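# Structural features, examined
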Amino acid sequence: MSAHDETRLREQISTLGRSLFDRGLTMGSSGNISVRLDDGGWLMTPTNACLGRLDPARISRMDRDGWLLDGDKPTKESFLHMAMYAERPQSGAIVHLHSTHSVAVSCLPEIDPDDCIPPLTAYYVMRVGKLPLVPYHLPGDPSLGDAVRGLAGAHSAVLLANHGPVVAGKSLEAAVYATEELEETAKLFLLLHGRNPRALTPEQIAELEARFPRD
Ligand SMILES: [Zn+2]
């Protein structure tokens, strides 16, 4: 990867981080973004950084073993990203947010832990698919990483109970789009709660998955 490509990725992380922040999908210093580099290392948003005000030059750069090469110290939630990447060689970027509607769904007692949100729209099925719930853990608990790792091979997105989504994509743009689709569908799900909405049928889902395979 050329220095030019890395500069472009740092700017893209900052631009998309600000966009997520400006639209209220993340707040305070919560939420983090990472991108896998061609040399096997990563760019990762720093600890205690606000996604709305990232300095591209201070984004953490880590080598393939997770050691910091330059920039600020990476987010304390970097282990969530590493757990996902370890099981998903096809994924090039990961977004983790504490986005309100997704967190709200993660707190509902009656959701299906194998698939937290019904297939309400075609775009949700295409970008997210099945969304399993990861049981609640203390923030930073390494066993949370193990729990994510156990699900990440078969799922590009997982929902951490009482915490928020972790979403992988082929590219940074794809990971951000999938995170936005998840948050909007969580909002729809809450709007429709108790109204017995008509979800897509298994046949409609099979047709979508055949035509538009996910990464
Ligand atoms: Zn978090």
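Going by the structure above, here's the rest.
Owing to the predicted nature of the structure, the values given are computational and were not obtained by experimental measurement. (Residues numbered from 1 in each chain as written. Predicted model: local features only at pLDDT ≥ 70, side-chain atom pairs only at ≥ 80, totals over all residues. Heavy atoms only, no water.)

## Brief notes about the coordination of the zinc ion
Any two of four tetrahedral donors ideally make an angle of 109.5 degrees at the metal, while pairs among six octahedral donors ideally make 90 or 180 degrees. Glu77 (OE), Glu77 (OE), His96 (NE2), His98 (NE2) and His163 (NE2) make up the full set of protein donors to the zinc ion, lying at 2.0 to 2.6 Å. For the zinc ion, the donor residues sit on a single chain with the sequence spacing E-x18-H-x1-H-x64-H. Pair noted here: Glu77 is in the loop between strand E4 (68-70) and helix H2 (78-87) and His163 is in the loop between strand E7 (157-160) and strand E8 (164-169), with a separation of 86 residues, a long-range link. Its relative accessible area of 14% is what places Glu77 among the buried residues. In this structure His163 comes out as buried when scored by relative accessible area, which is 13%. (Donors = N, O, S within 2.8 Å, 3.2 Å for Na, K, Ca; no water. Helix = DSSP H or I, 4+ residues; strand = E, 2+ residues; numbered from the N terminus. Buried < 20%, exposed > 50% of the residue type's maximum accessible area, 1.4 Å probe, protein only.)

## Some details on the packing of helix H1 (residues 3-22) against helix H6 (residues 172-191)
Two elements in contact, H1 and H6, have axes separated by 11 Å at closest approach and are oriented at 10°. If you check the angle between H1 and H6, you find them roughly parallel. Residues Gln12, Ile13, Leu16 and Leu20 of H1 lie in contact with H6, whose contacting residues are Leu172, Glu173, Val176 and Glu180. (Axes fitted to C-alpha atoms, helices over the stretch in contact; angles between N-to-C directions. Parallel < 35°, antiparallel > 145°, perpendicular 65-115°, else oblique. Contact = heavy atoms within 4.5 Å.)

## What to know about the pattern of salt bridges
Close approach of charged atoms lets side chains of opposite charge pair. Counted under the stated rule, the structure contains eight salt bridges. Of the charged contacts, one joins Arg61 and Glu6 as a salt bridge, the two residues approaching to 3.7 Å between their closest N and O atoms. Separated by 55 residues along the polypeptide, Arg61 in strand E3 (residues 60-62) and Glu6 in helix H1 bring together distant segments of the chain. Across the pair, exposure class does not vary: Arg61 and Glu6 are buried alike. One connected set of salt bridges, linked through shared partners, spans Glu6, Arg10, Asp39, Arg61 and Asp70. (Salt bridge = Lys/Arg side-chain N within 4 Å of Asp/Glu carboxyl O.)

## Details of the environment of Glu181
Relative to the elements of secondary structure, Glu181 occurs in helix H6. For the pair Glu181 and Gly145, spaced 36 residues apart in sequence, the C-alpha to C-alpha distance is 24 Å. If sequence neighbours within four positions are ignored, Glu181 has contacts with Thr121, Tyr123, Tyr124 and Arg127.

## Description of the side chain of Thr179
The topology assignment puts Thr179 in helix H6. Each residue touching Thr179, except ones within four places of it in the same chain, is listed here: Val95, Leu97 and Val167.

## Brief notes about the pairing of E8
A large share of E8 lies buried, amounting to six of its six residues. Of the strand pairs in this sheet, strand E5 (residues 93-96) and E8 are connected by four bridges, and their pairing is antiparallel. Directly across from Val95, in E8, lies its bridge partner Val167. Following E7, the chain reverses through three residues before pairing antiparallel with E8; Asn162 in that reversal takes a positive phi of roughly 55°. (Pairing = 2+ DSSP bridges.)

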